[in-house]
Amino acid sequence: MSLLSSDGFEQSFGALYQQFRSHYDETVSQAVPLPAGVDPDSFILYMQDVTLEGEPEGRWRELAERLSARASETADRPSIRDLVTRTSRDAGEVFESLVNEYGDDLTASVPIESVSGLHVRYEDETGDEQTIWGDGRSGDADARIQLPPVPCNSLEQFREFLVLHLVCQLRDCYLGMGVEPPEPFRVLGIGIDDFTEKYRHFELYEPYYDPSATIPGYRDRPQWW
């Protein structure tokens with residue numbers, strides 16, 4: 001996503017940007033009209049599926065193979081603590097080594113193939129959640145953007161916000177397994193919606209969704225920015 005040209009990014013995600021802006025700028029029309037009676041200031045979640053081109057390959061395949069090799073070395077360790085600690089450390093070391101070796105080539109082999117239309121989740125008058133699915137909904141998508149509308153002052157700022165959102169989703173995948181994320185993914189912000197709700201409602205979790213939170217080892221943006 002960060003490697004797309006400005007025109008390519010707008011073609012793929014311009015409708016989502018327009019929808020966000022419509023909540024904060026009355027001169028901007030909605031790309032997807034909300035159902036009658038839905039308060040724009042109530043709970044609304046916008047989603048968009050992202051499918052990458054082809055199967056995992058290149059450097060990402062190498063990343064998976066290196067992690068698998070490290071996991072095999074650790075599999076016979078009797079201590080769960082050892083397993084969790086080692087998995088987190090190994091993931092960070094392997095990711096960092098590939099970034100150092102290949103730089104931008106690490107992501108160059110996985111261009112975006114397609115994106116879906118916008119999906120809208122909202123609360124009806126009874127408080128129940130309803131979802132309107134846009135065109136191209138895919139259960140096989142590689143990622144799903146899932147965000148409430150937030151103010152963004154430009155398309156480039158919106159791009160940075162989406163990249164951060166996807167990095168936060170990776171963070172949530174690690175935290176969901178009970179594993180501390182590798183250092184590049186120790187960022188604060190909104191990630192997977194189900195995890196955001198857990199962070200908000202269960203005291204055992206830190207407020208990882210809040211970019212203004214103070215959590216040791218975490219920052220409000222990826223370290224490569």
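Computed from a prediction, not measured in an experiment: that's the story for all the values here.

> What is the right way to look at the packing of helix α1 (residues 6-22) against helix α5 (residues 155-176) in this model?
To characterise two packed helices, one gives the angle between the axes of the helices and the distance between these axes. At a minimum axis distance of 10 Å, the contact between α1 and α5 shows a crossing angle of 85°. Considering their axes alone, α1 and α5 lie roughly perpendicular with respect to each other. Contact with α1, carried on its side by S6, F9, E10, F13, L16, Y17 and F20, involves L155, E156, F158, R159, F161 and L162 of α5 and no other residues of that element. The class makeup of the residues in the contact of α1 with α5 is nine nonpolar, one polar and three charged.

> For this particular structure, what's the right way to read the nonpolar core?
In summary, soluble globular proteins display a tendency toward joint burial of nonpolar side chains. The biggest cluster of nonpolar side chains holds 30 residues, and the ones touching the most others in it are F13, L16, F20, I145, F158 and L162. Secondary-structure elements contributing two or more residues to this core are α1, β1 (44-52), β3 (119-123), β5 (143-147) and α5. Broken down by element, this core gets its largest block of residues, nine residues, from α5. Leave out the neighbours within four places in its chain, and F20 touches Y46, L147, P148, P149, V150, F158 and F161. With nine residues, the next largest nonpolar core counts I192, Y199, Y208 and I215 among its residues.

Thresholds applied
Residues numbered from 1 in each chain as written. Predicted model: local features only at pLDDT ≥ 70, side-chain atom pairs only at ≥ 80, totals over all residues. Heavy atoms only, no water. Axes fitted to C-alpha atoms, helices over the stretch in contact; angles between N-to-C directions. Helix = DSSP H or I, 4+ residues; strand = E, 2+ residues; numbered from the N terminus. Parallel < 35°, antiparallel > 145°, perpendicular 65-115°, else oblique. Contact = heavy atoms within 4.5 Å. Nonpolar A, V, L, I, M, F, W, Y, C, P; charged D, E, K, R; others polar. Core = buried A, V, L, I, M, F, W, Y, C linked by side-chain atoms within 4.5 Å. Buried < 20%, exposed > 50% of the residue type's maximum accessible area, 1.4 Å probe, protein only.

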